[in-house]
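# Per-entry structural report
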Amino acid sequence: MKLDLERSLASMKTQLATYCEKKNIENAIVVGIHTGGVWVAEQLLSAVPTNEPLATLDITFYRDDFTKAGLNPKVNQTSLPAIEDRHVILVDDVLMSGRTVRAAMNEIFDFGRPASITLAILYDLGQHELPIAADIVGEQLTLNPDQRVKLTGPQPLSVCLIDAH
Amino acid sequence: MMRSEPRAVQLNEHGQLKHFLTLDGLDKTLLTEILDRAESFLSMGEQSVKKVPLLRGKTVVNLFFENSTRTRTTFELAAKRLSADVINLNIETSATSKGESLLDTLKNLEAMQSDMFIVRHSDSGSAHFIAEHCTPNIAIINAGDGRHAHPTQAMLDMLTIRRHKGGFEGLKVAIVGDILHSRVARSQLQALTTLGVSEVRLVGPKTLVPSFFAEMGATICHDLEAGLKDVDVIVMLRLQKERMKGALLPSESEFYRLYGLTVETLAWAKPDAIVMHPGPINRGVEISSEVADGKQSVILDQVTNGIAVRMAVMSMAMSGQLQSADSSAAGEEK
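Note that the structure is a prediction, hence the values are computed from the model and not measured.

## Considerations on the sheet that holds strand 7 (residues 219-221) of chain B
Residue and element names in this part refer to chain B. Spatially, the five strands line up as an open sheet ordered 7-6-5-8-9, and their pairing is parallel. The sheet is open, and its two edges are formed by strand 7 and strand 9 (274-276), each paired on a single side. On average, each strand axis in the sheet is inclined to that of its neighbour by 20°, with strand direction left out of account. Pairing of strand 5 (residues 172-176) with strand 6 (residues 199-203) involves five bridges; the strand directions are parallel. In the strand pairing of strand 6, Val176 is matched with Val203. Relative to the sheet, helix 7 (residues 183-195) contacts strand 5, strand 6 and strand 8 (233-236), its axis offset from that of strand 6 by approximately 165°.

## Things to note about the pairing of strand 1 (residues 59-64) of chain B
All names here are of chain B. Within strand 1, five of the six residues are buried, which leaves it mostly tucked inside the rest of the structure. Inspection of the sheet shows strand 1 paired to strand 2 (residues 85-90) by six bridges, in the parallel sense. Considered in strand 2, the bridge of Thr59 is made with Asp85. Following the backbone out of strand 1, through helix 3 (residues 69-81) and into the adjacent parallel strand 2, one traces a crossover that is right-handed. Bridge count between strand 1 and strand 3 (residues 116-121): five bridges; the pairing is parallel.

## Focus on the environment of B:Leu258
Residue and element names in this part refer to chain B. You can see Leu258 is positioned in helix 9 (residues 252-259). The exposure class of Leu258 is partly exposed, given the 15 C-beta atoms found within 10 Å. With 217 residues separating them along the chain, Leu258 and Phe41 place their C-alpha atoms 40 Å apart.

## A closer look at the domain arrangement of chain B
All names here are of chain B. Each assigned domain of chain B is listed with its residue range as follows: domain 1 (6-149 + 304-325) and domain 2 (151-298). Distance between the C-alpha centres of domain 1 and domain 2: 26 Å. Tallying the contact residues gives 25 residues for domain 1 and 19 residues for domain 2. Elements that contribute at least two residues to the side of domain 1 that touches domain 2 include exactly helix 2 (28-42), strand 4 (139-145) and helix 12 (299-325). With six residues, helix 12 is the single largest residue contributor to the side of domain 1 that touches domain 2. A per-class count over the side of domain 1 that touches domain 2 returns 11 nonpolar, seven polar and seven charged.

## Brief notes about unusual backbone geometry
Here the amide bond leading from A:Gly153 into A:Pro154 is cis, since omega sits at 0°, within 30 degrees of zero. Relative to the assigned elements, A:Pro154 resides in the loop between strand 6 (147-152) and strand 7 (158-163). With an omega of -10°, the peptide bond between B:Gly279 and B:Pro280 qualifies as cis. Within the element layout of this structure, B:Pro280 appears in the loop between strand 9 and helix 11 (289-292). Backbone geometry at A:Asn27 places phi at a positive 50°, although glycine is not the residue there.

## Notes on the sheet that holds strand 2 of chain B
Residue and element names in this part refer to chain B. One open sheet holds the four strands; their spatial order is 2-1-3-4, and the pairing between them is parallel. Two strands close off the open sheet at either side, each with one partner strand: strand 2 and strand 4. Taking the axes of each pair of neighbouring strands and ignoring which way they run, one obtains an average angle of 15° across the sheet. Where strand 3 lies against strand 4, five bridges are found, and the strand directions are parallel. Along strand 4, the bridge assignment pairs Ile118 with Ile141.

## Focus on helix 1 (residues 5-22) of chain A
Residues and elements named next belong to chain A. Between its first and last C-alpha atoms helix 1 spans 26 Å; for 18 residues at 1.5 Å apiece the expected length is 26 Å, and the two agree. Looking at the buried positions of helix 1, the neighbouring elements they touch are helix 2 (36-44), strand 4 (116-124) and strand 5 (136-140). Downstream of helix 1 by one or two residues, Asn24 has phi in the positive range, about 55°.

## A look at the nonpolar core
Within the largest apolar cluster, 142 residues are counted, with the highest numbers of intra-cluster contacts made by A:Ala120, B:Ile141, B:Ile175, B:Ile234 and B:Met314. If you count residues domain by domain, this core takes at least three from each of domain 1 (6-149 + 304-325) and domain 2 (151-298) of chain B.

## Section: the UniProt feature "binding site: L-aspartate" (unreviewed entry) in chain B
All names here are of chain B. If you check UniProt for "binding site: L-aspartate" (unreviewed entry), the listed places come out as Lys98, Arg183 and Arg238 in our numbering. Tracing the chain through its elements places Arg183 in helix 7. Classification of Arg183 by C-beta neighbours within 10 Å gives buried; the count is 21. Looking at where Arg238 falls in the secondary structure, it is placed in the loop between strand 8 and helix 9. Owing to 19 C-beta atoms within 10 Å, Arg238 belongs among the partly exposed residues under this scheme. Not counting chain neighbours up to four residues away, the residues in contact with Arg238 comprise Pro278, Pro280, Ile281, Asn282 and Glu286.

The rules behind each value
- Residues numbered from 1 in each chain as written.
- Chains lettered and ligands numbered in written order.
- Predicted model: local features only at pLDDT ≥ 70, side-chain atom pairs only at ≥ 80, totals over all residues.
- Pairing = 2+ DSSP bridges.
- Helix = DSSP H or I, 4+ residues; strand = E, 2+ residues; numbered from the N terminus.
- Axes fitted to C-alpha atoms, helices over the stretch in contact; angles between N-to-C directions.
- Contact = placed C-beta atoms within 7 Å.
- Buried ≥ 20, exposed ≤ 12 C-beta atoms within 10 Å, placed from the backbone.
- Right-handed = clockwise from strand over helix to strand, strands pointing away.
- Domains from an automatic or database assignment.
- Nonpolar A, V, L, I, M, F, W, Y, C, P; charged D, E, K, R; others polar.
- Expected span 1.5 Å × (residues − 1).
- Core = buried A, V, L, I, M, F, W, Y, C linked by C-beta atoms within 7 Å.
- UniProt positions renumbered as here; feature names shortened; annotations may be inferred.

See below:
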């Protein structure tokens, strides 16, 4: 299977513009989840009607598998502006179980109470373990159990499918 | 009694911390990891809820056999910011004073399903002893043992130096005062050497700066001017009156005259030198108020950095414990 990254990103931009208009979302804070989500968010920022710079989130301290997987050795900078009563567009590269998004939402709420959170995902793998679904999806993928999406970036951003084993 | 190597005791099979007892045997990579992780906790200060759920449901016991308000409070705050439940045991007023032995006290705390002990004790090696005799899955953090080590204090000092000086290479550091009784100085010397500063000078009278410290890689100075000349960092140590038995010093005022840090003596160091002190400070004994409250003083930054460093060490040790218990850990899930 060949992934068309450009087409998926273009589709996300169109969806985002329409979505923001329909929901009256103005000056939203675009938040990328480290690391892949930040790269995708950088690509999308121009399509969102906002003056805010890109915000970033590292969810290491909010993961639910700390007791199983331990600490991630590298923690990136979380950099969020005042989030109270603001619209947030949360961006990640892949949606699988939904656990990363849950952790990200918990972290966002520790910074304040946003007016809304919109979830934008490049690849939705349809393997949700939590009641979390994306509002904006670049492409729906159905993978074999041992396949994974691998994003490399930030410049140039590219994607391929790899064998997990 | 023979003790096993500290390195073998405090690291798990993956080379991660599972206890934090001493800096002896820890390499530059691991010390840098502690500092990097502490930096990431420092930025948490911007959150309206200054808490992360890393140690949620874990029980941390502050076991202070020796008093220390600042260290205990910052450990407690660090544990609470990691969402752990914290118990403070004041041993002096508890069962030990009724005759219960240390090991019996520990067994009781283990039976309460504690996950981590923060230990401060006036005997050197006590944290190590507890680590060897506790249930293997309890993480032990040394909060100061006798004259031996105070590793979290040394690491918060390293974080303070790195944040103010950008790194360690080429730095000249003077540690001034009562080196003999100071576990802080011993741990600092290990950390500074491992992180690669160019020179560590130990400054003080012969009675308090014995020459055997030269074997640990330090330069010994008995003259303050020579000791402070061109240094980038000055660490003043507290004159530990409670440990001062016998005639080590003529008098406090004599000490201040010869080794006290004042505006005049500070001028011997580089103009941008920073002044540190582990606290509590004795104004007019080792440091003047003008210097302690002055522009070059970073003493209060040390306190803030202390919370972040303790969060880093606690989360790393807990993670190392869990990794050690379950080496077939699962990978990251999206």
